[in-house]
Amino acid sequence: MVQQPNAQVTNQLQGRVSGVSITGGGQPGQAPQVKIRGSNTFGNNTPLYVVDGIPTESIENINPNDIETMQVLKDAASASIYGSRAANGVIIITTKSGKGKLSVNYDAYYGTQMVQSGNPWDILSSQEMADLTFRAIRNTNPGDPISHSQYGDGAEPVLPNYIAPVGANTVDESLYNVDPYYTDPSQLNDFYRIVEANKQGTNWFQEIFNSAPITSHNLSVSNGGEQGSFLFSLNYFDQKGTLDNTYLKRYTMRVNSVFNISDNIRVGENLSFAIRENPQLGDLTEGSAVGMAFRQQPIIPVRDINGNFAGSFGQGLGNARNPVAILERLKNNRGVSNKLFGNIFAEIDFLEHFTIRTNFGGKYFSNTFNSFAFPEYENAENNSVNSYTEGAQTNFNWTWANTLTYKNTIADLHNLTVVLGTEAYQNKGREVGGTTQSYFSFDPDYVTLDTGSGTQTNYSFKYADALSSIFGRIDYNFDDRYLFGATIRRDGSSRFLNEQYGWFPAASAGWNVSNEAFFESNWIDDLKVRAGYGVMGNQINVDPANSFTTFGGNNQTSFYAISGSNSSTSEGFQQSRIGNPDAKWEKNINANFGIDATLFNNSVQITADYYRKDVNDLLYNPNLPATVGSATVPYVNVGKMTNSGIDIDLSTYFTLAEDLQFNTTVTFTSYSNEIVKIADGLNYFDLETRRFNGSSIIRNAEGGSVSQFFGYKVDGFWDSQDEIDQANAAARESTGNENTTYQSDVAVGRFRYADVNGDNRITADDRTFIGNPNPDFTYGLNLELMYKNWDFSMFLYGSQGNDIWNNVKWYTDFYSSFNGAKSATALYDSWTPENMNASAPIQQTVGSFSLADVPNSYFVEDGSYLRAKQIQLGYSLPTSVLDAIHISKLRVYVQMANAFTITSYSGIDPEISGGSVNFGIDEGAYPNQRQLIFGLNASL
């Protein structure tokens with residue numbers, strides 16, 4: 001997995017293991033969306049990570065070079081031993097330990113991340129924008145004279161020399177007056193801006209994305225023997241983002257050791273410490289720098305005549321913000337976190353067959369962050385008040401697990417392992433922060449929460465939760481032919497009140513068919529069939545305070561002048577949360593059937609599984625009547641969901657010739673998700689209205705999958721008034737109302753929506769599911785070719801059948817969607833009387849129901865893709881050379897990551913993530929960029 005140059009261990013799992021779906025972007029340090037066998041809940045679907053026996057919710061600071069093995073537990077029979085936090089699956093990580101003689105290893109790489117060339121959003125030039133503007137005006141008001149503030153009133157648009165002052169061709173530059181560091185908001189109205197028009201057009205994508213370096217250096221020292229073992233490692237990882245002022249800089253240290261006090265007593269520890277600096281930028285939203293880059297008009301330059309930022313201030317330039325300015329103003333923002341994670345353990349073997357183990361570990365995390373909001377002056381809509389925000393977070397959790405294991409082989413036939421254990425977990429943390437406005441100096445050495453002269457606000461909160469568990473497991477193996485396992489676990493959670501405890505059983509059985517006396521085959525070396533069934537609990541989506549009805553004060557809504565005073569108020573309280581003391585565990589009922597086989601003299605290995613998961617008592621917080629007030633609505637056990645699918649892992653190992661080895665690994669993952677029930681009296685909930693005037697893009701509905709796209713299905717365009725008249729006549733006949741129309745805002749050249757319910761008119765009842773971001777299947781293909789000292793590898797990953805909601809089109813393909821930048825589609829492939837087979841509708845200055853005011857299928861695209869995640873060529877120096885320079889290993893390699901992507905998706909990257917029940921919407925992705933890497937592996 002370390003073939004993939006990425007600091008996130010979870011990213012390196014993508015496509016390597018079946019049943020695991022991972023979706024992420026190109027922003028350094030950004031955690032990807034990880035799902036094991038689909039969505040299990042309306043809330044957090046992140047799996048449980050267990051590192052050296054200690055459960056944790058995040059592995060973002062683990063050094064990939066420290067990992068010895070990773071194992072994914074996908075079904076209840078294998079994962080249930082980890083209890084309530086295992087309902088979303090478990091990823092077990094074991095870090096390296098010292099082995100053999102003293103060894104010193106150095107692994108390093110350096111490379112560059114390359115930005116897509118050209119004009120990825122296909123944005124028009126300045127002159128083309130002017131041409132489109134005049135066309136949209138003529139389409140909206142045919143025959144009316146045109147007068148545009150920037151492009152004039154002639155028959156054809158003419159680009160001005162200056163966009164500020166508006167549409168000017170000559171200016172007196174001595175009048176220029178802009179103070180970029182103004183402190184009085186009233187000054188904003190006194191500025192005199194002078195901005196030259198960029199007649200060639202600004203390529204905003206290329207202005208904010210630039211090639212950036214990536215490097216990693218890892219040093220480890222290890223040793224192992226009869227008395228024990230140790231491993232010490234240091235890692236430095238530094239990835240600059242291709243988007244300015246985004247980066248990940250991380251330092252990690254690890255110490256693992258085991259001491260054999262005697263033949264039967266062992267103690268040890270696994271400790272890691274990480275320092276992380278990782279400023280990130282929100283993506284997939286219109287307000288981000290990426291979102292503004294496809295909205296800012298090309299005629300606007302990056303800077304004005306005096307080198308200050310230029311923007312949309314003026315007329316006819318929209319309301320987007322300068323994306324270069326957004327990124328530049330992040331330069332002083334900082335966030336540094338420290339994380340200590342690990343465990344100490346002791347093991348004692350006694351009475352020949354027993355082992356007792358105690359394992360105590362956990363995490364201490366601290367984070368400090370600060371940001372400064374600079375005043376703006378260049379935009380149509382400016383933030384005129386500067387402010388500074390600073391905060392700190394701390395978190396501490398611990399897990400203490402104790403197990404007693406009995407292991408014995410009886411009569412060389414009966415192999416028995418019994419485990420009994422207890423586990424306790426406690427988690428607590430807090431956060432504090434504040435904001436102050438109005439600073440007369442923006443020097444970062446001056447700015448603190450105390451030095452501002454304006455309004456001060458602050459906040460703080462704390463949280464805590466705990467778990468207590470007992471568990472037992474038995475594994476029985478008869479003659480390596482018949483296998484049986486059973487687990488029972490009782491978990492108690494502080495997040496529940498009346499139903500704190502839950503029992504979660506699981507069982508599995510297997511049959512090694514190939515070990516039977518009757519089994520004979522020339523091509524099947526090993527064959528095993530297995531099945532498992534179990535129940536797992538989930539409680540991570542419930543707020544620790546969910547059980548309690550709470551009250552709090554708010555000086556805006558609950559304080560009141562009881563005495564009738566006009567100058568003071570008395571403190572009052574209002575209900576802040578409605579409690580549900582009867583909330584209980586979600587239950588994930590899991591059935592799994594699988595087969596493992598080794599074929600053709602061990603040259604082919606295959607593992608295949610079919611599974612079904614039924615999630616009952618799904619926690620959801622349905623809306624309550626307005627009469628209950630504004631208090632937080634509690635989570636209640638009302639929902640149901642199912643997932644089913646097939647996982648396949650296939651590996652082949654072939655010796656093609658002497659010294660020539662060819663290996664392949666194929667993974668295949670499919671899942672089908674269905675929401676069975678949401679709540680009594682509620683069969684759907686909608687999300688993501690974006691700019692659609694209250695209509696939502698996503699509908700999570702009973703009978704459908706999570707995050708499906710919902711809206712009107714486009715059925716072509718209205719090509720003539722006669723078509724409109726015929727449709728309106730049919731609508732009037734159907735309703736008996738002479739004022740009925742087939743479709744609101746209907747006009748020639750606009751979208752014609754499909755009459756889904758067949759009542760001869762378009763209403764809200766004609767909305768339907770128009771896309772699904774859940775893939776039909778995902779797959780991975782790893783190829784390895786080794787010849788003498790040379791090695792070559794290629795890893796391909798693909799997703800098939802998933803849809804993407806391309807919300808970038810809302811801004812770029814419709815002139816009516818603000819006055820921002822537009823795409824070539826809007827000018828060259830939109831409906832006109834001469835181009836009725838266009839992709840986009842007629843371009844007009846005013847939005848409507850029949851254009852882009854409601855969600856419709858125009859925005860849905862096939863998101864399937866195949867990506868070469870990495871291609872690598874390496875060479876290991878021969879032993880004769882190594883002996884001469886007194887080292888045991890030296891390998892050099894060159895690698896291309898994200899080498900190519902095959903897709904029909906028109907956006908800049910088809911790998912789009914999102915939330916648990918609202919993913920697959922592209923509104924400005926941080927793309928995965930191509931990387932060219934040079935590296936080496938050396939050992940002493």
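Only a predicted model underlies this, so the values are computations on that prediction, with no experimental measurement involved.

A. Highlighting the nonpolar core. One finds Trp121, Phe209, Leu243, Ile299, Phe709, Trp805 and Phe859 to be the most contacted residues of the largest nonpolar core, which totals 86 residues. When residues of this core are assigned to their parent elements, the largest contribution, six residues, is made by helix 3 (residues 126-140). Contact partners of phenylalanine 209, with chain neighbours within four places excluded, come to Val115, Thr242, Leu243, Val290, Tyr926, Pro927 and Gln929. Ranked by size, the runner-up nonpolar core spans 16 residues in total, among them Tyr49, Val51, Ile67 and Ile91.

B. Local environment of the UniProt feature "domain: TonB-dependent receptor-like beta-barrel" (unreviewed entry) in the protein. The UniProt feature table records "domain: TonB-dependent receptor-like beta-barrel" (unreviewed entry) at residues 342-671. Strand forms 64% of residues 342-671 and helix 0%; the C-alpha atoms that close the span are 35 Å apart.

C. Focus on the sheet that holds strand 36 (residues 803-806). Ordered by their spatial adjacency, three strands build an open sheet running 37-36-41, and the pairing between neighbours is mixed. Sheet topology places strand 37 (860-862) and strand 41 (921-922) at the edges, where each strand pairs with a single neighbour.

D. Summary view of the packing of aromatic side chains. Counted by the stated rule, this structure contains 48 aromatic pairs. Each ring, one from phenylalanine 42 and one from tyrosine 620, has its centre 5.6 Å from the other, and the planes form 70 degrees; the classification is edge-to-face. Taken as a pair, phenylalanine 42 in the loop between strand 2 (33-36) and strand 3 (48-51) and tyrosine 620 in strand 25 (residues 604-620) lie far apart in primary sequence, 578 residues in all. The same class applies to phenylalanine 42 and to tyrosine 620, which are both buried. Positioned above the aromatic ring of phenylalanine 345 is the side chain of arginine 357, whose terminal nitrogen or guanidinium carbon lies 4.5 Å from the ring centre. Positioned above the aromatic ring of phenylalanine 710 is the side chain of arginine 699, whose terminal nitrogen or guanidinium carbon lies 4.0 Å from the ring centre.

E. Structural context of the sheet that holds strand 30 (residues 708-711). Taken together, the four strands give an open sheet; going across it, the order is 28-29-30-33, and neighbouring strands pair in antiparallel fashion. Each edge of the sheet is formed by a strand with only one pairing partner; in this case those strands are strand 28 (684-687) and strand 33 (768-771). For this sheet the average axis-to-axis angle between neighbouring strands, irrespective of direction, equals 45 degrees.

F. Spotlight on the environment of serine 839. When you line up the elements, serine 839 lands in the loop between helix 9 (824-828) and strand 37. Sequence-wise, serine 839 and tyrosine 858 are 19 residues apart; in three dimensions their C-alpha atoms are separated by 8.7 Å. If near-sequence neighbours (up to four positions away) are discounted, serine 839 is found in contact with Phe717, Thr825, Asp829 and Tyr858. Only 2.4 Å separates the side chain of serine 839 from the side chain of aspartate 829, close enough to count as a polar contact.

G. Region of interest: the pairing of strand 29 (residues 698-701). Both faces of strand 29 are covered, namely the face carrying Ile698 and Asn700 and the face carrying Arg699 and Ala701. Strand direction decides the pairing type here: strand 28 and strand 29, joined by four bridges, are antiparallel. Bridging from a neighbouring strand, tyrosine 684 pairs with alanine 701 of strand 29. Pairing of strand 29 with strand 30, which is carried by two bridges, proceeds in the antiparallel orientation. Bridging across to strand 30, arginine 699 finds its partner in glutamine 708. Counted along the chain from strand 29 to the antiparallel partner strand 30, the turn is six residues long, and its residue glycine 703 has a positive phi close to 90 degrees.

Cut-offs used in this document
Residues numbered from 1 in each chain as written. Predicted model: local features only at pLDDT ≥ 70, side-chain atom pairs only at ≥ 80, totals over all residues. Heavy atoms only, no water. Core = buried A, V, L, I, M, F, W, Y, C linked by side-chain atoms within 4.5 Å. Buried < 20%, exposed > 50% of the residue type's maximum accessible area, 1.4 Å probe, protein only. Helix = DSSP H or I, 4+ residues; strand = E, 2+ residues; numbered from the N terminus. Contact = heavy atoms within 4.5 Å. UniProt positions renumbered as here; feature names shortened; annotations may be inferred. Pairing = 2+ DSSP bridges. Phe/Tyr/Trp six-rings, centres within 6.5 Å; stacked < 30°, edge-to-face > 60°. Lys NZ or Arg CZ within 6 Å of the ring centre and 35° of its normal. Axes fitted to C-alpha atoms, helices over the stretch in contact; angles between N-to-C directions. Polar contact = N/O pair within 3.5 Å; in protein donor to acceptor, adjacent residues only side chain to side chain.

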